Amino acid sequence: CIRDRSMGPDSPAGRRTGRGLNENLAREILELHTLGVDGGYQQDDVKALAGMLTGWTVGNARFKRSGAVPGAFTFAAFMHQGDAQRLLGKRYPAGGQEQAVAALTDLARHPATARFIAEKLSRHFVSDQPPESAVEKLTHTYLESDGHLPSLHAALLDLPQAWDAGERKLKTPYELLLSAHRGLALPVSRPNQVLAPLRLFNHLPFTAPSPAGWPDDRAHWGAPSALTQRVEWGIAFGSRVANGIDARASAEVLVASESNLLATSLRRAESTAQALGLLLAAPDFQWR
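### A closer look at the overall build of the protein chain
Thought 1: A tally of helices and strands in the protein chain yields 15 helices and 4 strands.
Thought 2: In terms of overall size, the protein chain is more extended than a compact globule, its C-alpha atoms giving a radius of gyration of 25 Å where 288 residues would be expected to give roughly 19 Å.
Thought 3: With respect to the principal axes defined by its C-alpha atoms, the protein chain has extents near 75 × 45 × 30 Å.
Thought 4: A buried classification covers 40% of the 288 residues belonging to the protein chain.

Below, the structure written as structure tokens:
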């Protein structure tokens, strides 16, 4: 069933329509947003959470009498299962909306959630294979701060590994475009200036291949065909915007440390357009 129409089989709405639990939503919450795939939950936990989430929906014309705001969250009691559930060994008494709120709060505070979030942050900001010490530090901060994300972000900035030049991340296509426009001070005046290349790179917004979102590693974004597209885009983009831009000065802004090969290539370029294209297509620019 659709995510916003999960119904308890024994609820008034469930008995009338024959619809049942949305286990997919519960599984995604456990696997993708809290404990992680190795977080220790079982199929019974999925069913229990799905039962507690019944009645959580989105306001529309069907709920006008209850005062629900169209497009906003609303709790529909007539869709809620309501009986007691057991999740990860803990019993949650029968109740309404507060039943799932209690379960989600406990999931957010679970040690497995702390480590899962720490791994995701360190993988995104440090490296594809983050050092265990970085993950442990962020896990500890999460648990100590009761999941306070600003504290976690501050701890991330304090990680020496986050500033280690040897720990590198390949830019996603979106980051590639964003850094090019920012570094060259080129405003985006038309949506297609961004959407067209993102379509080329297969990275359009809201089109991720799965509920897990876009991959966050070099193996996906650095495939041979993808790298070829980056080079072709860099050369074409550089040629198109070259007027009035100093490629050598831009290199100081666009790349953290310019290699001798890049410096030589820019110096020997036959035109500004060629130099800028080489700069944007260079490995030096492809890495964060």
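### Quick notes on the pattern of salt bridges
Thought 1: By the definition in use, this model includes 8 salt bridges.
Thought 2: A salt bridge links E119 to R115; its shortest N-O distance comes to 3.1 Å. On the criterion of helical spacing, the pair formed by E119 and R115 is a turn pair, its members being 4 residues apart in helix α5 (residues 111–125).
Thought 3: For K169, the salt bridge goes to D128, with nearest N and O atoms at 2.6 Å. In this pair, K169 is assigned in the loop between α7 (149–158) and α8 (173–183) and D128 in the loop between α5 and α6 (132–144), connecting sequence segments 41 residues apart.
Thought 4: Via salt bridges that share partners, R115, E119 and E132 belong to a single interconnected network.

### Description of helix α9 (residues 192–200)
Thought 1: Regarding α9, the residues found buried are V194, P197 and L198. Along the axis of α9, the buried residues cluster in a sector spanning 105 degrees; they form a single face.
Thought 2: Check the buried side of α9 and you find it contacts α8 and α11 (224–241).
Thought 3: Where α9 ends, the next residue or the one after it, N202, has phi of about 60 degrees, a positive value.

### Focus: unusual backbone geometry
Thought 1: Phi is positive for A185, which is not a glycine, with a value near 55 degrees.
Thought 2: With respect to the helices, strands and loops of the structure, A185 is situated in the loop between α8 and α9.
Thought 3: Within the chain, N202 stands out as a residue other than glycine whose phi angle is a positive 60 degrees.
Thought 4: Looking at the element boundaries, N202 is found in the loop between α9 and α10 (218–221).
Thought 5: You can call N202 exposed: its relative accessible area is 57%.

### As for the packing of aromatic side chains
Thought 1: The full count for this structure, using the stated rule, is 4 aromatic pairs.
Thought 2: With centroids separated by 5.0 Å and ring planes inclined at 25 degrees, the aromatic side chains of W233 and F237 adopt a geometry described as stacked. Linking W233 with F237, this pair stays in helix α11, spanning 4 residues, or about one helical turn. In this structure, W233 and F237 share a single accessibility class: buried.
Thought 3: Through a chain of ring-to-ring contacts, the aromatic side chains of F201, W233 and F237 assemble into a single cluster.
Thought 4: Taking NZ or CZ as reference, R168 lies 4.1 Å from the ring centre of W287, over its face.
Thought 5: If you follow K171 out to its NZ or CZ, it ends over the ring of F285, 3.7 Å from the centre.

### Concerning the packing of helix α12 (residues 247–254) against helix α14 (residues 272–281)
Thought 1: The N-to-C vectors of α12 and α14 enclose an angle of 15 degrees; their axes lie 9 Å apart at closest approach. As the angle between them shows, α12 and α14 are arranged roughly parallel. Considering how the two elements wind past one another, α12 and α14 form a crossing that is right-handed. Here α12 contributes A247, S250, A251 and L254 to the contact with α14, which in turn contributes A275, L276, L279 and L280.
Thought 2: For the contact of α12 with α14, a count of residues per class yields 7 nonpolar, 1 polar and no charged.

### Points about the side chain of T141
Thought 1: Looking at the secondary structure, you find T141 in helix α6.
Thought 2: Every residue in contact with T141, bar those within four places of it in the chain, is listed here: S151, L152 and A155.

### Concerning the environment of L88
Thought 1: With respect to the helices, strands and loops of the structure, L88 is situated in the loop between β3 (85–87) and β4 (90–92).
Thought 2: According to the relative accessible area criterion, L88 is partly exposed, its value standing at 33%.
Thought 3: As a C-alpha pair, L88 and V46 span 42 residues in sequence and 9.7 Å in three-dimensional space.

### Looking at the packing of α8 against α11
Thought 1: The N-to-C vectors of α8 and α11 enclose an angle of 20 degrees; their axes lie 12 Å apart at closest approach. What the angle tells us is that α8 and α11 run roughly parallel. The handedness of the crossing between α8 and α11 comes out as right-handed. The residues of α11 that touch α8, namely those facing P173, L176, L177, A180 and H181, are R230, W233 and F237.
Thought 2: Per-class residue counts for the contact of α8 with α11 are 6 nonpolar, 1 polar and 1 charged.

Here is what the cut-offs are and how they apply
- Residues numbered from 1 in each chain as written.
- Predicted model: local features only at pLDDT ≥ 70, side-chain atom pairs only at ≥ 80, totals over all residues.
- Heavy atoms only, no water.
- Helix = DSSP H or I, 4+ residues; strand = E, 2+ residues; numbered from the N terminus.
- Rg over C-alpha atoms; globule rule 2.2 N^0.38 Å.
- Buried < 20%, exposed > 50% of the residue type's maximum accessible area, 1.4 Å probe, protein only.
- Salt bridge = Lys/Arg side-chain N within 4 Å of Asp/Glu carboxyl O.
- Arc of directions from axis to C-beta.
- Contact = heavy atoms within 4.5 Å.
- Phe/Tyr/Trp six-rings, centres within 6.5 Å; stacked < 30°, edge-to-face > 60°.
- Lys NZ or Arg CZ within 6 Å of the ring centre and 35° of its normal.
- Axes fitted to C-alpha atoms, helices over the stretch in contact; angles between N-to-C directions.
- Parallel < 35°, antiparallel > 145°, perpendicular 65-115°, else oblique.
- Left-handed = near helix turned anticlockwise from the far one by under 90°.
- Nonpolar A, V, L, I, M, F, W, Y, C, P; charged D, E, K, R; others polar.

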